[in-house]
Amino acid sequence: MSASAFRIHRAISGAAHEQAGADVPPGAGDVLPPSLTTTVPKEFVHRASVAEVLLTDWARVDDSRFTVAAQWPRGHSFFAAVDGCHDPLIAAETIRQTGILLAHAEFGVPLGHHLLVEDLNVQVRPAHVRVALTPASLDVDVSCSQVRRRRGGALTGCRITVEIYRDGHLAATGGGSFTCVAPAVYRRLREARPTQDGRPRVLALTAPEPPQSVGRMSPVDVVLSPAGPPGSWQLRVDTRHPVLFDHPVDHVPGMVLLEAARQATAATLGRAGLPLGITSQFLRYVELDTPCTVEAHRTAPPRPEGEESVLVTAQQAGTPVFRSTVTMAPPAG
């Protein structure tokens, strides 16, 4: 299915009929159906579950700028509200989905290609990400830069910069860069990884940290296991998690690492809270069959306004694989 085939069949509102000059009998506008909202195809954002698709539409502004519509639910099974605000990680997931959508729908990357995130950052404005009585409807302004193509024109990578607006107010900013990898190339890159019954080997599931110590309510959502001295953990990889592992993969997804950074920050500060900003680099694949060590420490004393930052790093087999700085809001209240 092509992007154009999908978009041609979008619902048309009564207002759109009038703008198009259609003959509308007097009073007919009262009975014409309202415009309908659907999600974009889940394949365009690399999700198996339609429920995990956050984007609802998109449009091209010019060769490098686009607008994307999105919606955040009032409640989510994993991206739970934090201090009355939408989870900033749902903003990070919105940015991730936006890059993948545009790669496929606007830059012609075929479905089945892998899009590997190299870095991702997000900053939120608490006043405009508060959970309301209805889902948050969002307008995402996207600028693309550092567009890389092969000699034949196929996209190989890009950087996106986004501004997320809610009711006309800037609610979050961020961006990231990604690389496109064809299936045959990806197979060559990953063919040496050990498998079991044709599937990637996975470490046995380790015990979670107490949920409250890492800002979680359920042990199912904990991605850190006790290991080593204070400030050090083993990454806990549960491939059965329906959100973090929405579909089978052969390495640890980036959102798992972002969640590990958030949880390690809560444990380091001794409190849960609202992350105001997360800046992360994904340095190497994080393998499913090898222990991954996560470490965290404060970067500086608390700022006068009460914000605190924590540097979180991860390494596997002695090699750095991930790095993130999380800035936490002052304690609520």
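Summarised in this report is the structure supplied together with it.

The rules behind each value
- Residues numbered from 1 in each chain as written.
- Predicted model: local features only at pLDDT ≥ 70, side-chain atom pairs only at ≥ 80, totals over all residues.
- Heavy atoms only, no water.
- Patch = residues over 30% accessible without salt bridge, like charges linked within 9 Å, V, L, I, M, F, W, Y side chains within 5 Å.
- Areas by Shrake-Rupley, 256 points an atom, 1.4 Å probe, with all protein chains shown as cover.
- Salt bridge = Lys/Arg side-chain N within 4 Å of Asp/Glu carboxyl O.
- Lys, Arg positive; Asp, Glu negative; His and termini not counted.
- Charge placed at Lys NZ, Arg CZ, Asp CG, Glu CD.
- Helix = DSSP H or I, 4+ residues; strand = E, 2+ residues; numbered from the N terminus.
- Buried < 20%, exposed > 50% of the residue type's maximum accessible area, 1.4 Å probe, protein only.
- Phe/Tyr/Trp six-rings, centres within 6.5 Å; stacked < 30°, edge-to-face > 60°.
- Lys NZ or Arg CZ within 6 Å of the ring centre and 35° of its normal.
- Contact = heavy atoms within 4.5 Å.
- Pairing = 2+ DSSP bridges.
- Core = buried A, V, L, I, M, F, W, Y, C linked by side-chain atoms within 4.5 Å.
- 1 Å grid on protein atoms, 1.4 Å probe; cavity = no way out; pocket = protein on both sides within 12 Å on 5 of 7 lines; lining within 4 Å.
- Points joined across faces, edges and corners; volume = space filled by probe spheres on them.
- Nonpolar A, V, L, I, M, F, W, Y, C, P; charged D, E, K, R; others polar.
- Axes fitted to C-alpha atoms, helices over the stretch in contact; angles between N-to-C directions.

Bringing a negative patch on the surface into the picture now. A contiguous patch of negative charge on the surface is contributed by Asp139, Asp141, Glu163 and Asp167. In this structure, Asp141 sits in strand S4 (residues 136-149). For Asp141, a relative accessible area of 33% translates into the label partly exposed.

With that out of the way, let us pick up the packing of aromatic side chains. Enumeration according to the criterion identifies five aromatic pairs in this entry. The interplanar angle of 75 degrees and the centroid separation of 5.4 Å between the aromatic rings of Phe78 and Phe79 together place this pair among those described as edge-to-face. Directly above the aromatic system of Tyr285 lies the positively charged group of Arg190, at a separation of 4.3 Å from the ring centroid. The ring of Phe78 has Arg216 sitting right over it, with the charged end atom 4.0 Å from the ring centre.

Within the secondary structure, Arg166 is located in strand S5 (residues 155-166). Of the side chains bearing the opposite charge, Asp167 lies closest to the buried Arg166, which forms no salt bridge; the N-O distance is 4.5 Å. Not counting residues within four places of it along the chain, the set of residues in contact with Arg166 comprises His86, His128, Val129, Arg130, Ala132, Ala136, Ser137, Leu138 and Ala171.

Here five bridges tie strand S1 (residues 55-60) to strand S2 (residues 65-72), and the two strands are oriented antiparallel to one another. Residue pairing for S2: Arg60 is matched across the bridge by Phe66. The turn joining S1 and S2, which pair antiparallel and follow one another in sequence, is formed by four residues.

This paragraph deals with the nonpolar core. The biggest cluster of nonpolar side chains holds 82 residues, and the ones touching the most others in it are Leu101, Val142, Leu235 and Leu258. At 10 residues, helix H3 (residues 88-105) tops the list of elements feeding residues into this core.

Counted by the stated rule, this structure contains 20 salt bridges. In this structure, Glu287 and Arg193 form a salt bridge, with 3.3 Å as the shortest nitrogen-oxygen distance. Residue Glu287 is found in the loop between strand S11 (275-282) and strand S12 (292-298), and its partner Arg193 is found in the loop between helix H4 (183-190) and strand S7 (195-196); the two are separated by 94 residues along the sequence. We classify Glu287 as buried; its relative accessible area is 13%. When salt bridges with common partners are traced through the structure, they connect Asp87, Arg216, Asp221, Glu259 and Arg262 into a single cluster.

Once that is clear, we can look at the layout of surface pockets. The volume enclosed by the largest pocket comes to roughly 1000 Å³. Contributing to the lining of the largest pocket are 40 residues, with Leu115, Leu116, Val249, His251 and Pro253 lying nearest its centre. Of all the secondary-structure elements, those providing two or more residues to the lining of the largest pocket are H3, strand S3 (114-124) and helix H5 (254-269). Among the elements that line the lining of the largest pocket, the one with the most residues is S3, at six residues. Along the lines of polarity and charge, the residues of the lining of the largest pocket split into 23 nonpolar, eight polar and nine charged.

Tracing the chain through its elements places Thr94 in helix H3. Residue Thr94 is classed as buried on the basis of its relative accessible area of 0%. Distance from Thr94 to Val140, taken between C-alpha atoms, is 9.1 Å for residues 46 residues apart in sequence. Residues within four places of Thr94 in sequence aside, it is in contact with Leu54, Leu55, Ala70, Trp72, Val140 and Ile164.

With antiparallel pairing, 12 strands are arranged side by side in an open sheet as S1-S2-S4-S5-S6-S3-S11-S14-S13-S12-S10-S9. Every other strand in the sheet has two partners, leaving S1 and strand S9 (224-226) as the edge strands with one partner each. Taking the axes of each pair of neighbouring strands and ignoring which way they run, one obtains an average angle of 25 degrees across the sheet. In terms of strand pairing, S4 meets S5 through 10 bridges, oriented antiparallel. Bridge pairing in S5 places Arg148 opposite Gly157. In the packing of H3 onto the sheet, contacts are made with S1, S2, S3, S4, S5, strand S6 (169-181) and S11, and the angle to S3 comes to roughly 140 degrees.

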